[in-house]
Amino acid sequence: MAGDAIGVIAAFARDRWGARPADRASLEAWQQARLDVFRREVLPRAPFYRDRAPGLHALPIVDKAAMLADFASFNTVGVTLDAALDVATRAERSRDFAPTLPGDISVGLSSGTSGTRGVFLVGPDERTRWAGTLLSRLLTTRSLLRVLDLGGPPLRVAFFLRANSNLYTTVASRRIDFAFHDLLVPFERHLTRLARQQPEVLVAPPTVLRALAEAAAAGALRIAPAQVVSVAEVLEADDVTAIERAWRVPVQQVYQATEGFLGITCPEGRLHLNEDLVHVEPDWIDDGEPVPSRFHPIVTDFSRTTQLVVRYRLDDVLRVGEARCPCGRPTRVIAAIEGRADDVVTLRAVDGRVVRVFPDVVRRALALVDGLGDYRLEQHGDEWCVRTRATDPDVASGLARECEALASQLGARPPGVQSLPWLDDAPGAKRRRIRRVEALA
């Protein structure tokens, strides 16, 4: 543990106070230099890349299915998928996430928003670098001063997720009181623990933050976090409004996936990609538009040395933000993480073409429905099925009206809209507010 602490502190100091590229050209040159070292020293250690042609763009684009099909060839420690799954599934069932593979390799199991669970490996050096870098970018000056005040109590952090990991608990120390909250535990028990701990930093998926904010508004939870951080799910505007109303602090966002630490909110409140850790190639979705704005990221994480993520295509739909952020960082700004590829629903145009409707467009249309509240929309062919807690018939007619108006704006035929009773998500499940289950015939 002492070694972990020293590694975390070293990584924190390098990231917080070390030199950073000042402009885009410097960033790209800096990134290229690290990619060159990565290709020369790390790539040959993974069988899949050992005999590949040099040059990043000569390498194949891969996805989760490709990596899982040949798992051992994508890591540098010879771990098979069966061995990794054995550790991960035993941890899931026992809820004890401490065991590791030989070499102190941590194994994680992602829930798989796209329907396919992912497995990831992290070595001990990667764990400490990740923890130090995350803390450097996450902690505000106020929180950092609490950590550095050796005579005072530790900084209290409450962390909600479906599964814990050695990756996350690495941030715990004598100066950080890290409390993991298992999302499979009944919600009321979390309220009791939170009231006891009184966290200064609250980290959770937006659905959980929203539920905690509602509990606070109802007087069932009395905490006053100085930092509120959204993770794991798409953060939507109505979530932000409810959460910030409850605690009067801005909601920060961490974009963390199986594939790496991909982005984080800057002091100006804008989400930046961590392009000093990962190389991101945009796979433009709307490249027929005058100015493309949405893309799937193709990620190469040149900071990883155990399980390699190289030209790995994510299903996430990202929308670019302004070219330059007032914070001065030259890394790419993301206006929104809109969802996954199958969160993009479709309509049939009047001329027979298929029209893609991005999640943000759907959300904006449904925001006009009075009394709708929370909802889940699934596309089943020509029908959009909307589950909501609302029972007023005017809500159902409002849904149909706004969906018809949206289709008209897009030059498409309106979908059939079916209003259905609400069903709660399974405990620990990630929210999928908009999802294409069945494509148009």
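Every value quoted in this text rests on a predicted model; they were computed, and no experiment measured them. (Residues numbered from 1 in each chain as written. Predicted model: local features only at pLDDT ≥ 70, side-chain atom pairs only at ≥ 80, totals over all residues. Heavy atoms only, no water.)

Q: Mind showing me how you'd approach the overall build of the chain here?
A: In terms of helices and strands, the chain carries 12 helices and 20 strands. Here the chain has a C-alpha radius of gyration of 22 Å; the compact-globule value for 441 residues is 22 Å, and the two agree. With respect to the principal axes defined by its C-alpha atoms, the chain has extents near 60 × 55 × 45 Å. Within the chain, the fraction of its 441 residues that count as buried is 51%. Taking the contacts inside the chain whose residues are at least 6 apart along the sequence as the reference set, 62% of them involve residues at least 24 apart. A total accessible area of about 20300 Å² is found for the chain, and carbon and sulfur atoms account for 53% of it. For the chain, the distance from the average position of its 57 positive side-chain charges to the average position of its 57 negative side-chain charges is 4 Å. (Helix = DSSP H or I, 4+ residues; strand = E, 2+ residues; numbered from the N terminus. Rg over C-alpha atoms; globule rule 2.2 N^0.38 Å. Buried < 20%, exposed > 50% of the residue type's maximum accessible area, 1.4 Å probe, protein only. Contact = heavy atoms within 4.5 Å. Areas by Shrake-Rupley, 256 points an atom, 1.4 Å probe, with all protein chains shown as cover. Lys, Arg positive; Asp, Glu negative; His and termini not counted. Charge placed at Lys NZ, Arg CZ, Asp CG, Glu CD.)

Q: Whenever I open this one, the packing of helix 8 (residues 187–197) against helix 9 (residues 206–217) confuses me. Can you help?
A: Helices that pack against each other are described as a pair by the angle of their axes relative to one another and the distance between those axes. Interhelical geometry of helix 8 versus helix 9 gives an angle of 70° and a closest axis separation of 12 Å. The angle between helix 8 and helix 9 places the two elements in the roughly perpendicular class. Relative to helix 9, the crossing made by helix 8 is right-handed. When helix 8 is examined against helix 9, the residues F187, L191 and L194 are found in contact with a partner set consisting of A211, L212 and A215. Of the residues assigned to the contact of helix 8 with helix 9, the class counts are six nonpolar, no polar and no charged. (Axes fitted to C-alpha atoms, helices over the stretch in contact; angles between N-to-C directions. Parallel < 35°, antiparallel > 145°, perpendicular 65-115°, else oblique. Left-handed = near helix turned anticlockwise from the far one by under 90°. Nonpolar A, V, L, I, M, F, W, Y, C, P; charged D, E, K, R; others polar.)

Q: Could you clarify how one ought to interpret the packing of aromatic side chains in this entry?
A: All told, the structure shown has seven aromatic pairs when counted by the stated rule. Seen from their ring centres, F159 and F180 are 6.4 Å apart, and the 40° between their planes marks the pair as tilted. Placement of F159 in strand 3 (residues 155–161) and of F180 in strand 4 (residues 176–182) is noted, with a sequence separation of 21 residues between them. Each member of the pair, F159 as well as F180, carries the same accessibility label: buried. An angle of 70° between the planes, with centres 5.3 Å apart, marks the rings of W284 and F295 as edge-to-face. Of the two residues, W284 is situated in strand 10 (residues 278–284) and F295 in strand 11 (residues 294–301); the sequence distance between them amounts to 11 residues. According to the relative accessible area criterion, F295 is buried, its value standing at 0%. A network of ring pairs unites the aromatic residues F48, Y49 and F74 as a single cluster. In this structure, R52 packs its charged tip against the face of F48, placed 4.2 Å from the ring centre. (Phe/Tyr/Trp six-rings, centres within 6.5 Å; stacked < 30°, edge-to-face > 60°. Lys NZ or Arg CZ within 6 Å of the ring centre and 35° of its normal.)

Q: Is there a simple way to explain unusual backbone geometry in this structure?
A: With glycine set apart, most residues show a phi of negative sign, and most peptide bonds adopt trans. Positive phi values are uncommon outside glycine, yet D104 reaches one of about 60°. Within the fold, D104 resides in the loop between helix 4 (81–94) and strand 1 (106–110). Take D104: its relative accessible area is 34%, and that puts it in the partly exposed class. One non-glycine residue, Q198, adopts positive backbone phi at about 55°. Inspection of the secondary structure puts Q198 in the loop between helix 8 and strand 5 (201–204).

Q: Hey, could you run me through helix 5 (residues 124–138) in this one?
A: Each α-helix turn comprises 3.6 residues. Residues three or four places apart therefore point the same way. Taking 1.5 Å as the rise per residue, helix 5 with 15 residues should run 21 Å; its terminal C-alpha atoms sit 21 Å apart, in good agreement. With 12 of 15 residues buried, helix 5 is to be regarded as a mostly interior element. Every buried residue of helix 5 is listed here: E126, R127, T128, W130, A131, G132, T133, L134, L135, S136, R137 and L138. (Expected span 1.5 Å × (residues − 1).)

Q: Teacher, can you tell me more about the pattern of salt bridges here?
A: Two side chains that carry opposite charge are able to pair once their charged atoms sit near each other. Counted according to the given criterion, the structure contains 26 salt bridges. Salt-bridge contacts for R294 lead to E338; the nearest nitrogen and oxygen are separated by 3.1 Å. Of this pair, R294 sits in strand 11 while E338 is found in strand 14 (residues 333–339), placing the two residues 44 residues apart along the sequence. This pair shows no difference in class: R294 is buried, exactly as E338 is. For D374, the salt bridge is made with R376, and the minimal N-O distance between the two is 3.0 Å. (Salt bridge = Lys/Arg side-chain N within 4 Å of Asp/Glu carboxyl O.)

Q: What is the right way to look at helix 6 (residues 141–148) in this model?
A: Taken as a whole, helix 6 has its buried residues at S143, L144, R146 and V147. Along helix 6, the residues classed as buried sweep out an arc of 155° about the axis, all on the same side. Opposite the packed face of helix 6, turned more than 90 degrees from it, sit the exposed residues T141, R142, L145 and L148. (Arc of directions from axis to C-beta.)

Q: Looking at this model, I keep getting lost on the pairing of strand 3. Mind explaining?
A: Remember that side chains alternate between the two faces of the sheet whenever the strand is regular. The buried fraction of strand 3 is high, at six of seven residues. As paired elements, strand 3 and strand 4 share seven bridges and run parallel to each other. From the neighbouring strand, L155 faces strand 4, where its bridge partner is I176. Judged from the three bridges that link them, strand 3 and strand 5 form a sheet pairing that is parallel. Looking at the pairing, A158 lines up with L202 of strand 5. (Pairing = 2+ DSSP bridges.)

Q: When you look at the state of the cysteines in this model, what are you seeing that I'm missing?
A: Think of a disulfide as a covalent bridge from one cysteine sulfur atom to another cysteine sulfur atom. The tally for this structure, following the rule as stated, stands at zero disulfides. C327 provides the cysteine sulfur closest to C325, a residue in no disulfide bond, and the two sulfurs are 3.5 Å apart. For C325, a relative accessible area of 3% translates into the label buried. In this structure C403 is a free cysteine whose sulfur lies 11 Å from that of C385, the closest cysteine sulfur available. (Disulfide = S-S within 2.5 Å.)

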